[in-house]
Amino acid sequence: MIQVKRIVAPTYAEALIKAKNELGMDALIVDSKKIRVGGFLGLFQKSMTELTVAVDRPDEPAAPATGGGSTAVRTAVPAPGPSAAASPQAALPASTVASLERELAALRRAVNRLASRQEQEAALSRLTAYGRHVYDTLVDRGVEPDAALEISLNLTDESQGRAGLQAALIRTLGPFERIAVRPGQRRVAALVGPTGAGKTTTLAKLAAHFALNMGHKVGLITADSFRIAAIEQLRTYGDILGIPVNVVDSPADMARALRETADCDLVLVDTGGRNHKDAGRMAELKETLSILRPDETHLVISLTANPRDAYEWLDYYGPLGVNRLLFTKLDEAAAPGLMVNLRRRCSYPVGYITFGQSVPDDIMPADRADFAQILLGA
């Protein structure tokens, strides 16, 4: 049966939403027009939108007409030919059916966008003046609108200021987890991620912090056999810090490197950047990590990255055993809100954030970051 319904609402957008709610996502708009209703003797009438909407439904008992400006009519539309019970679509050319399906899909998207936009506008109207300022700034700094709205709605009291914003951001970005090192219990932490993320420099910063500032015995392993410069860079840092550097040429060589660092408190492992769409390279990295069996695997992501690429990295690197996020290049990022968007897409806690090239200074544990300052652009 074809169900046809007349929908009347103050605006076209509201009529679309009403059509979605009453007839579902498969409804098709047959006609739309402006009408005037109510009033007295032709005066004080209201302008309304009337939609005529149709949907193809399985046979079912007719429902009584409802009030509120909507009337439902079910009309049997038999297909031509010997069988009157055939589906109406069976009598239509394939091209017509495909066209109707495309129109219905477009209607679904339009209704969803309108509904989402109306919900967002309603929520925005509830923001305090400070909350609206925070929302606009967060969006400008790269935070996705729904995330920015969720954070800003928590700022109900303008006197909270940045302290309230910091608390809201910590709720969104936390919990945070630093590398946990206990003397006499070797901890293995591997850094993985795409090329250019800053893994080697970050590894040196972590090594310097734990060796010089914390007094731990640190070992370094590099499995980046593709870049000679990266190996030499890490060896230079190792010489300066007095830390041994083991170069691994193949996954099978990893067992030797682990034996040679058995007496370390912390072993930091640098892996080569991989094209995440290269199945062969990713399989090799997976084999390396399966032999290494790190306690922590940090996915290193530059905050200057294209968001779409960063979201893909979560999908491709996650199955390799990632259990931490580490953000780099905060000092170069125009839109550091990427860290909020990524954190909302996964359950991995954030460990560290880097903000420059200086070793060992330009790195901080995430639980010490002033996110209010970072994301308000101060």
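What this report covers is the structure whose coordinates are included nearby.

How each quantity is defined
- Residues numbered from 1 in each chain as written.
- Predicted model: local features only at pLDDT ≥ 70, side-chain atom pairs only at ≥ 80, totals over all residues.
- Heavy atoms only, no water.
- Helix = DSSP H or I, 4+ residues; strand = E, 2+ residues; numbered from the N terminus.
- Buried < 20%, exposed > 50% of the residue type's maximum accessible area, 1.4 Å probe, protein only.
- Contact = heavy atoms within 4.5 Å.
- Areas by Shrake-Rupley, 256 points an atom, 1.4 Å probe, with all protein chains shown as cover.
- Pairing = 2+ DSSP bridges.
- Axes fitted to C-alpha atoms, helices over the stretch in contact; angles between N-to-C directions.
- Phe/Tyr/Trp six-rings, centres within 6.5 Å; stacked < 30°, edge-to-face > 60°.
- Core = buried A, V, L, I, M, F, W, Y, C linked by side-chain atoms within 4.5 Å.
- Expected span 1.5 Å × (residues − 1).
- Arc of directions from axis to C-beta.
- Polar contact = N/O pair within 3.5 Å; in protein donor to acceptor, adjacent residues only side chain to side chain.
- Salt bridge = Lys/Arg side-chain N within 4 Å of Asp/Glu carboxyl O.

## Thoughts on the overall build of the protein
Of the regular secondary structure elements, the protein holds twelve helices and twelve strands. The proportion of buried residues among the 378 residues of the protein is 46%. Counting only contacts in the protein whose residues sit at least 6 apart along the sequence, the fraction spanning at least 24 positions is 74%. Carbon and sulfur atoms make up 52% of the accessible area of the protein, which totals about 18800 Å².

## What about the sheet that holds strand β7 (residues 245–247)?
An order of β7-β6-β8-β5-β9-β10-β11-β12 is seen for the eight strands of this open sheet, with the pairing classed as mixed. Strand pairing shows two members of the sheet lacking a second neighbour, β7 and β12 (363–365), which therefore form its edges. Ignoring which end each strand starts from, the neighbouring axes of this sheet average 20 degrees apart. The sheet contact formed by strand β11 (residues 350–354) and β12 spans three bridges and is antiparallel. Paired with I353 across the two strands is M364, which belongs to β12.

## Focus: the packing of aromatic side chains
For any pair of aromatic rings, the description consists of the separation of the ring centres together with the inter-plane angle of the planes. By the definition in use, this model includes one aromatic pair. Here F176 and F371 contribute two aromatic rings whose centre-to-centre distance is 5.7 Å and whose plane-to-plane angle is 15 degrees, an arrangement assigned as stacked. In this pair, F176 sits in the loop between α5 (161–173) and β5 (187–192) while F371 sits in helix α12 (residues 371–375), placing the two residues 195 residues apart along the sequence. Residue F176 shares its accessibility class with F371, and that shared class is buried.

## Let's talk about unusual backbone geometry
Across the junction of G174 and P175, the peptide omega takes the value 0 degrees, indicating a cis bond. Looking at the secondary structure, you find P175 in the loop between α5 and β5. A positive phi angle is found at R293, which is not glycine, with a value near 50 degrees. Positive phi, close to 60 degrees, is recorded for K329, a residue that is not glycine. Within the secondary structure, K329 sits in the loop between β10 (324–328) and α11 (338–345). A relative accessible area of 22% means that K329 is categorised as partly exposed.

## Focus: the nonpolar core
Grouped together as the largest cluster of nonpolar side chains are 64 residues, with contacts concentrated most on L165, Y317, F327, M339, I353 and F371. For this core, the leading source of residues is helix α10 (residues 307–317), giving five residues. The contact partners of L165, leaving out residues within four places of it in the chain, are Y130, V134, I151, L155, A372 and L376. Grouped together as the second largest cluster of nonpolar side chains are 22 residues, A189, F210, L241 and L326 included.

## Re α5
In this model, α5 (13 residues) spans 18 Å end to end at C-alpha, consistent with the 18 Å of a helix rising 1.5 Å per residue. Where α5 is concerned, the buried positions are G161, G164, L165, Q166, A168, L169, T172 and L173. Tucked into the core, α5 has its buried residues touching α3 (129–140), α4 (145–153), α11, β11 and α12.

## Quick notes on α10
Listing the buried residues of α10 in full gives A310, Y311, W313, L314 and Y317. Taken end-on, α10 shows its buried residues confined to a sector of 150 degrees, consistent with a single buried face. Across α10 from its buried face, at more than 90 degrees, point the exposed residues R308 and D315. Its side-chain oxygen 2.8 Å from the backbone nitrogen of R308, N306 forms the N-cap of α10.

## Quick word on the pattern of salt bridges
Applying the stated criterion across every chain yields a total of 14 salt bridges. Close ionic contact of R344 with D146 constitutes a salt bridge, the shortest N to O distance being 3.7 Å. Of the two residues, R344 sits in helix α11 while D146 sits in helix α4, which places them 198 residues apart along the sequence. A salt bridge links E150 to R344, with the shortest nitrogen-to-oxygen separation between them at 3.3 Å. Of the two residues, E150 is situated in helix α4 and R344 in helix α11; the sequence distance between them amounts to 194 residues. Beyond isolated ion pairs, a larger network of salt bridges with shared partners links E177, R187, E296 and R324.

## Section: the pairing of strand β8 (residues 266–271)
The buried fraction of β8 amounts to six of the six residues, a majority that puts the element mostly inside the structure. Of the two faces of β8, the one carrying L266, L268 and D270 and the one carrying V267, V269 and T271 are both buried. Sheet analysis places β5 next to β8, joined by five bridges and oriented parallel. Each bridged residue has a counterpart across the sheet, and for A190 the counterpart in β8 is V269. In terms of strand pairing, strand β6 (residues 218–223) meets β8 through six bridges, oriented parallel. For I221, the partnering residue across the bridge sits in β8 and is V269.

## Comments concerning the pairing of β5
Most of β5 sits out of view: five of its six residues are buried. Here four bridges tie β5 to strand β9 (residues 296–302), and the two strands are oriented parallel to one another. Paired with V192 across the strands is L299, a residue of β9.

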